[in-house]
Each structure stands twice: as C-alpha cells, then as structure tokens.
Amino acid sequence: MPELPEVETVMRGLDGHLTGRRIVSARLNRPDIRFVVPPELPAVLTGAKVLGFRRRGKFMLMRVDNGFSVLIHLGMSGRMLLDGMPALHEHFVLETDDGGRVGFVDPRRFGVLDLLRTADEDRHKLLAAMGPEPLGNAFSAPVLAAALKGKATPIKAALLDQHVVAGIGNIYASEALFRAGIDPRRLAGKISRPRIELLVREIRATLLEAIAAGGSSLRDYVQPSGELGYFQHAWKVYGRAGEACERCPGLPGCAGIKSITQAGRSTFYCARTQR
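Residues numbered from 1 in each chain as written. Predicted model: local features only at pLDDT ≥ 70, side-chain atom pairs only at ≥ 80, totals over all residues. Heavy atoms only, no water.

This brings us to the sheet that holds strand E4 (residues 68-73). In spatial order, the strands read E2-E3-E4-E8; together these 4 strands make up an open sheet with antiparallel pairing. Among the strands making up the open sheet, the edge pair consists of strand E2 (50-56) and strand E8 (112-117). With strand direction ignored, the average angle separating the axes of adjacent strands in the sheet is 20°. On top of the sheet, helix H1 (residues 4-18) reaches E2 and strand E3 (59-64); it is set at about 175° to E2, its chief contact. (Pairing = 2+ DSSP bridges. Helix = DSSP H or I, 4+ residues; strand = E, 2+ residues; numbered from the N terminus. Axes fitted to C-alpha atoms, helices over the stretch in contact; angles between N-to-C directions. Contact = heavy atoms within 4.5 Å.)

Take a look at the structure:
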C-alpha cells in the first residue's frame, strides 16, 4: 500500500495538473470502490474550480470552490493517471477546461472516494482520530513520547498505528528504526527519551529523502506522470533479508539483515546494530 511519501508524490502531481483548472466533466464508472461513492459526486464537481490539495496521512483531499472536498485513498492498487486514454478498472474520471484528463484506476478496489464539506475535513470518520503528521510541527519527541508511554506493543507496531503518527507504513517504519538503531521488537513504552528524539529525527529524514526520490515503486505504485519512484534503491533493510548490513558487513555477531513477521507484516532489521 502506498505510504506517506508515495501519496505526497501523487498529490503533488495532481496539484500541478489540476489546481486552478475548472472541471468540465466528472464521471463515475461504478457506484462503489471500497465503499459506496456518493452518487452526487459528479454533479458537485462539474463546473467547480480546483483550489488545491491537502494530504492527511495516506489520504489526499482535493478542494474545490463550492465548499466541498473529495477524499481520495489509493488503497492497495490505486493509481491516478494523467492525460491518458481510458484504462481498464478506471472507476472515476475528471476532465478539465484545458483539455486535461485524470483517471482513478484501482483493479483491487480497496481505494476510497468520498465527498465532504471542506470545513468538515478533520471531522471525517477516516481522519478524525489520526495522529500528528510526521513532517509537521505537531510531531515532536515529547508528543511521540506521550503517545508511546505505557504501550506494551513493539515499537514497529506502534509506528504503524495511525493514531500514534499519521502516514507511516511498513517500509518507512523499518527504515527509520534501522537509522535510529532501535530494535523493532523493543516495547514502545520502554524506549528512552534520547532514543525517541533520535527516532523522530530519523523518521523525518527518511520520509523527506523518500519524497525527494519520488517514493518507492513497489508492485502497483508509479507517479501520476507514469514515472517510477526511486527510493527503493536507497533501502537499508526493507526487502533485503539475508544481505549484509551496510553498518557491519562481516563483523563478528552480524548475521546480516533479518526478516521476522510482526502482526502479519514483514519486518527487516539488523540484530547487531539495532537495540
């Protein structure tokens, strides 16, 4: 599933393509994706001008000038295609006054499209309980320490909890924990304040580097332009089970990158350098 860097990359592509344009046509090709799509969505969007975009965790919000926003979640296989021909599994299409075209393609139909008042964005049922944005000012060591206090779950699982921090998924949790030298199995409530401060810094750095690289192309994810993301070439541990750890190749006690399963998800780490 696309995580924060991939969603941010897609949103920036849509922003450059749609913001300031007027929607001349909006069409739903099916009544539901993961959930039922509000049937009034095409009528509300047709004739409206796109004001801009906002990302919240792994969700995108497209704001238009009649007071409404469209909530978009890519799910596991969703893609936004710009100026292309109609595609298989294209469930939603926008056409703009400059001849542009955007299609939402989602073969597995785990994505979400919803319509809400812009003023009510933060009260939407899928957003209301989310934690702080890891790249925003509301995310800090004291905030993360408070969220982790008393938690008897592994730190990797805590970082995947969208109530703790928004937008982090399996790839970037593994990568940030490696950079911070924290064992993904360590109980979240037992991590010291200095190490939490380091973790916050590494989460930010990892996400910013991934955004700069266009995200990580894995399975279905590509940018709206059709380009691949390239951050997968910078992975330190994710997907590298059995390979040498770049911090301690061949050193005594280093068995290379290990893979374990936590809560049904693969976790990658170096047992020698992550404590």
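Let's shift gears to the nonpolar core. Core analysis: the biggest nonpolar cluster contains 38 residues, and Leu-144, Leu-148, Ile-155, Leu-159, Ile-196, Leu-199 and Ile-203 have the highest contact counts within it. Residue assignment for this core shows that the elements contributing at least two residues are helix H3 (141-148), helix H4 (155-160), helix H5 (170-180), helix H6 (193-212) and strand E10 (265-270). With near-sequence residues (within four places) excluded, Ile-196 lies in contact with Ala-141, Leu-144, Ala-145, Leu-148 and Ile-191. Membership of the second largest hydrophobic core comes to 29 residues, among which are Ile-23, Val-44, Met-60 and Val-70. (Core = buried A, V, L, I, M, F, W, Y, C linked by side-chain atoms within 4.5 Å. Buried < 20%, exposed > 50% of the residue type's maximum accessible area, 1.4 Å probe, protein only.)

Glancing now at the packing of aromatic side chains. With the rule as written, the count across this model stands at 2 aromatic pairs. Measuring from centroid to centroid gives 4.9 Å for Trp-235 and Tyr-238, while their planes differ by 80°, and the two rings are edge-to-face. In this pair, the class of Trp-235 matches that of Tyr-238, namely buried. Ring plane angle 70° and centroid distance 5.0 Å describe the contact between Tyr-238 and Phe-268, whose orientation is recorded as edge-to-face. You can see Tyr-238 sitting in the loop between H6 and strand E9 (257-262) and its partner Phe-268 sitting in strand E10, a full 30 residues away along the chain. The class of Phe-268 is buried, set by a relative accessible area of 10%. Residue placement shows Arg-247 over the ring face of Phe-178; its charged tip is 4.1 Å from the ring centre. (Phe/Tyr/Trp six-rings, centres within 6.5 Å; stacked < 30°, edge-to-face > 60°. Lys NZ or Arg CZ within 6 Å of the ring centre and 35° of its normal.)

What follows is about the packing of H1 against H6. Packed helix pairs are characterised by how far apart their axes lie and by the angle those axes make with each other. At a minimum axis distance of 9 Å, the contact between H1 and H6 shows a crossing angle of 40°. Between H1 and H6, the angle is such that the two are oblique. Note that H1 runs across H6; the crossing there is right-handed. Touching Leu-4, Pro-5, Glu-8, Thr-9 and Arg-12 of H1 are Leu-207, Ala-210 and Ile-211, all from H6. Looking at side-chain class alone, the contact of H1 with H6 contains 5 nonpolar, 1 polar and 2 charged residues. (Parallel < 35°, antiparallel > 145°, perpendicular 65-115°, else oblique. Left-handed = near helix turned anticlockwise from the far one by under 90°. Nonpolar A, V, L, I, M, F, W, Y, C, P; charged D, E, K, R; others polar.)

Okay, H5 next. Most of H5 is tucked away: 11 of the 11 residues are buried. On its buried side, H5 packs onto H1, H4, H6 and E10.

Here we take up the pairing of E8. Judged by how many residues are buried, E8 sits mostly within the fold: 5 of 6 residues are covered. The pairing of E4 with E8 spans 6 bridges and is classified as antiparallel. In the sheet register, Phe-68 faces E8, and the bridge partner there is Arg-117.

Let's shift gears to unusual backbone geometry. Phi at His-89 takes a positive value of approximately 65°, unusual for a residue other than glycine. Here the phi dihedral of Arg-109 falls at roughly 60°; this positive angle occurs in a residue that is not glycine. Along the polypeptide, Arg-109 turns up in the loop between strand E7 (101-105) and E8. Judged by its relative accessible area of 33%, Arg-109 falls in the partly exposed class.

Turning to H3, its buried residues number three or more, namely Ala-141, Leu-144, Ala-145 and Leu-148. Looking straight down H3, one finds its buried side chains confined to an arc of 100°; they lie on one side. Residues of H3 that are buried sit in contact with H4 and H6. Phi turns positive one or two residues past the end of H3, at Gly-150, with a value near 80°. (Arc of directions from axis to C-beta.)

The next point concerns the packing of H3 against H6. Interaxial distance between H3 and H6 falls to 9 Å at its minimum, and their mutual angle equals 115°. Judged by the sense of rotation from one axis to the other, the crossing of H3 with H6 is right-handed. Within the contact between the two elements, H3 uses Ala-141, Pro-142, Leu-144, Ala-145 and Leu-148 and H6 uses Arg-193, Ile-196, Glu-197, Leu-199 and Val-200. A per-class count over the contact of H3 with H6 returns 8 nonpolar, no polar and 2 charged.

As summarised here, the arrangement of the 4 strands in space is E1-E6-E7-E5, forming an open sheet in which the pairing is antiparallel. The open sheet has two edge strands with one neighbour each: strand E1 (23-28) and strand E5 (79-82). Within this sheet the neighbouring strands show an average axis-to-axis angle of 15°, counted without direction. Strand direction decides the pairing type here: strand E6 (residues 90-96) and E7, joined by 5 bridges, are antiparallel. Along E7, the bridge assignment pairs Phe-92 with Phe-104. Sheet strands in contact with H1 are E5, E6 and E7, and its direction is about 30° off that of E5.

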